[in-house]
Structure formats: C-alpha cells, structure tokens
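# Observations on chain architecture
Read off the chains here:
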Amino acid sequence: MLRALLSAAKQKFGAAIADVQVLLQDDPTNAGYRLQLAMFYVGDKRPRKAIDLLTSILDGITDDTDEDQKQIKASALQARGDALLSVGKHAEAVEDYEQAVKLDPEDTGVLNNYAWVLATSTDDNVRNADRSIELGTKACEITKYERPHILSTLAAGYAEKGDWENAIKWSTKAVEVGAKDAEVSEQLKKELDNYKEKKPWREKQEIEENTKPLGGKSSDLET
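Residues numbered from 1 in each chain as written. Predicted model: local features only at pLDDT ≥ 70, side-chain atom pairs only at ≥ 80, totals over all residues. Heavy atoms only, no water.

### A closer look at the overall build of the chain
Spelled out, the test is: Numbering of helices and strands runs from the N terminus, with a helix taken as a DSSP run of H or I at least four residues long and a strand as a DSSP run of E at least two residues long. Only C-alpha atoms enter the radius of gyration, while the globule expectation follows 2.2 Å times N to the 0.38, with N the number of residues. To sort residues, take the accessible area from a 1.4 Å probe on protein chains only and compare it with the maximum for the residue type: under 20% means buried, over 50% means exposed, and anything in between is partly exposed. Two residues form a contact once any of their heavy atoms are found within 4.5 Å. Calculation of accessible area relied on Shrake-Rupley with a 1.4 Å probe; when residues are assessed, cover is drawn exclusively from the protein chains displayed. Counting rule applied: Lys, Arg positive; Asp, Glu negative; His and chain ends not counted. To locate a charge, the coordinates of NZ of Lys, CZ of Arg, CG of Asp or CD of Glu are taken.
Assigned secondary structure in the chain consists of 11 helices and zero strands. Reading the secondary structure of the chain in the N-to-C direction produces α-α-α-α-α-α-α-α-α-α-α. By the compact-globule yardstick of 17 Å for 223 residues, the chain fits well, its C-alpha radius of gyration being 19 Å. Expressed as lengths along the three principal axes of its C-alpha atoms, the size of the chain is roughly 55 × 40 × 30 Å. Here the chain, with 223 residues, has 46% of them falling under the buried criterion. Considering only contacts within the chain whose residues lie at least 6 apart along the sequence, 55% involve residues at least 24 apart. Accessible surface, the chain: about 11800 Å² in total, of which carbon and sulfur atoms supply 47%. Side-chain charges of the chain comprise 31 positive and 41 negative groups, with the mean position of each set lying 4 Å from the other.

What follows is the structure, given as structure tokens:
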C-alpha cells in the first residue's frame with residue numbers, strides 16, 4: 001500500500017492500481033483497499049470503473065451506524081459524486097453529495113464540490129443558488145476563508161443568485177489568496193472577469209475515459 005501511494009504521488013497510477021489489486025487478492029472484501037483502488041481509478045482517468053467499484057462498495061454497506069462503516073460510506077459517496085461529476089452526471093452527483101453531507105457535515109471537500117455543482121451546473125434543474133451559498137459559506141468558515149478554490153465556489157454561488165456585488169467580492173478574495181499559484185490564479189481571474197460582466201459561471205466536465213489495458217508487473221506500469 002505504501003508503494004502504491006508513492007506511485008500515485010508520482011502520477012504512476014497504473015503501478016498504484018496493480019499494487020492494490022495484489023492486496024485484494026488476499027483480502028477481496030476489504031473496503032479500505034477497494035476504496036483506495038477507486039481513488040486510483042479516478043486519478044488514472046477511469047471514472048466509470050471507479051463508479052462501478054464505488055457502487056459495489058456502497059451496496060455492501062448494511063450498517064451505517066457503525067462509525068467505521070459510516071466513514072467508509074461517506075468517503076465512497078464523495079468519491080462517487082466526484083467521479084459522476086467528471087463524466088457530466090450532475091443530478092446523480094448531487095444525490096451522492098447530499099447523502100455524504102448528512103453523514104459528515106464538516107467535510108469541506110464535500111461541501112465545496114456540492115456547492116460548486118449547485119452553482120455552476122449546465123443543468124437548470126440541478127442549480128440551487130441559496131443551497132450553494134449555504135454550503136459554500138460553511139466550507140469557508142471551516143477553512144477560515146483561506147482556501148482560494150472554496151472562496152471561488154462561494155463567489156459562484158452568489159453569481160448564480162445574481163448578487164454580483166458579493167460574487168465580485170469573494171472572487172476578488174479568491175484571486176488574492178490564490179495569487180502564489182500561477183495556474184490557479186489564471187483560472188480564478190477568468191471567473192472574476194465573468195462576474196464583472198454579470199455572467200454566472202457554467203461548467204460541465206466530460207473526461208475522456210482511459211481505455212489502456214491494465215496489467216503487468218506493478219513496477220513496470222505507467223499511466
């Protein structure tokens with residue numbers, strides 16, 4: 001597992017996947033291993049494989065009152081929500097995020113991603129400005145208004161509501177906080193320019209599935 005995590009840190013997700021698959025040969029029902037494998041699938045641009053695996057994990061959880069099972073369920077719901085988002089299935093992602101928030105209402109990753117899709121989805125039936133602002137504000141409070149991407153999400157919520165003053169305020173703050181990262185800063189500036197023109201932000205990801213075959217020795221595999 002340590003080698004898998006090190007491989008993933010180097011973006012060598014094929015090697016990471018191979019190592020976790022070896023672990024699962026001896027312990028095929030281990031939810032922790034399976035959850036980690038799903039995360040590596042996402043990293044390797046195989047979101048649909050991740051969704052199938054995460055659905056299997058969730059279907060196998062019968063007792064979410066047990067703290068360990070509850071945490072696994074929350075993590076699996078968030079991961080599946082993120083994977084669904086990456087393939088443009090916004091309504092399904094929202095369902096998973098809502099369940100995840102109920103299980104772990106302080107998880108800023110869930111709060112942020114949920115708020116973002118509610119503010120920026122291209123699906124009119126998914127967007128909900130008030131709920132987005134509520135979730136985004138909570139995420140900002142927990143992170144002490146120090147995370148540029150979360151500030152950006154709050155700005156997007158206000159933009160969806162048509163509150164351009166607050167959208168520009170929080171988007172400007174996001175640009176200031178994220179200024180040290182050139183790539184992040186460039187994206188945040190684009191969002192700010194949008195709000196200055198009184199345009200809400202819209203986003204729909206459509207990640208192309210990685211169809212390269214998996215297999216071989218873990219030490220030889222690359223993404």
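### Comments concerning the confidence of the model for the chain
Let me state the cut-off plainly: In predicted models, pLDDT denotes the confidence assigned by the predictor to each residue on a 0 to 100 scale.
Looking at the chain as a whole, its pLDDT mean stands at 92, while 96% of the residues score no less than 70. Per-residue pLDDT stays below 50 along residues 216-223; that stretch engages in 17 contacts with residues further than four places along the chain or on separate chains.

### Re the nonpolar core
A general tendency of soluble globular proteins is for nonpolar side chains to be buried together. The cut-off we apply is this: Joining through side-chain atoms within 4.5 Å is the link that ties buried Ala, Val, Leu, Ile, Met, Phe, Trp, Tyr and Cys residues into a set, and such a set is a nonpolar core.
Judged by nonpolar contacts, the single largest core of 63 residues is most densely connected at Phe40, Leu54, Ile57, Tyr114 and Tyr195. The residues touching phenylalanine 40, leaving out its near neighbours within four places in the chain, are Ala4, Leu5, Ala8, Phe13, Ala16, Ile17 and Val20.

### Concerning the packing of helix H6 (residues 90-103) against helix H7 (residues 108-120)
What counts is decided by this rule: In this analysis, axes come from line fits to C-alpha atoms, helices being fitted only over the stretch in contact, and the angle between any two N-to-C directions falls in the range 0 to 180 degrees. By convention the crossing between two helices is left-handed if the near helix lies anticlockwise of the far one by an angle smaller than a right angle, and right-handed if it lies clockwise. Note on residue classes: Ala, Val, Leu, Ile, Met, Phe, Trp, Tyr, Cys and Pro are nonpolar, Asp, Glu, Lys and Arg are charged, and everything else, Gly too, is polar.
Interaxial distance between H6 and H7 falls to 10 Å at its minimum, and their mutual angle equals 145 degrees. Like other packed secondary-structure pairs, H6 and H7 cross with a definite hand, here left-handed. Along the contact surface, H6 presents His90, Val94, Tyr97, Glu98, Ala100 and Val101, while H7 presents Val110, Leu111, Asn113, Tyr114, Val117 and Leu118. Each residue belonging to the contact of H6 with H7 can be placed in one class, and the counts come to nine nonpolar, two polar and one charged.

### Topic: the pattern of salt bridges
The following threshold applies: Basic side-chain nitrogens of Lys or Arg form a salt bridge, by our definition, when they fall within 4 Å of a carboxyl oxygen of Asp or Glu.
Within this structure, the stated rule accounts for 12 salt bridges. With a closest N to O distance of 3.2 Å, glutamate 197 and lysine 199 form a salt bridge. Note on glutamate 197: relative accessible area 49%, which makes it partly exposed. For lysine 199, a relative accessible area of 42% gives the class partly exposed. Bridged by salt links that share partners, the residues Asp124, Arg127, Glu160 and Arg202 form one connected network.

### Considerations on the side chain of aspartate 44
The cut-off we apply is this: Residues adjacent in sequence count toward polar contacts only when both atoms are side-chain atoms; beyond that, a polar contact is any pair of N or O atoms within 3.5 Å, and within protein one must be able to donate a hydrogen and the other to accept it.
For aspartate 44, the position within the fold is in the loop between helix H3 (31-43) and helix H4 (47-59). A distance of 2.6 Å separates the side chain of aspartate 44 from the side chain of arginine 46, its partner in a polar contact.

### Quick notes on the packing of helix H2 (residues 13-26) against H3
To be explicit about the condition: In this scheme, roughly parallel covers angles under 35 degrees and roughly antiparallel covers those over 145, while 65 to 115 is roughly perpendicular and the rest are oblique.
The geometry of H2 relative to H3 is characterised by a closest axis approach of 9 Å and an angle of 160 degrees between their N-to-C directions. Relative to H3, the element H2 lies roughly antiparallel. Crossing geometry of H2 relative to H3 is assigned as left-handed. Residues Phe13, Ala16, Ile17, Val20, Gln21, Leu23 and Leu24 of H2 touch H3, and the partners they reach there are Tyr33, Arg34, Leu37, Phe40, Tyr41 and Gly43. Here the residues of the contact of H2 with H3 sort into 10 nonpolar, two polar and one charged.

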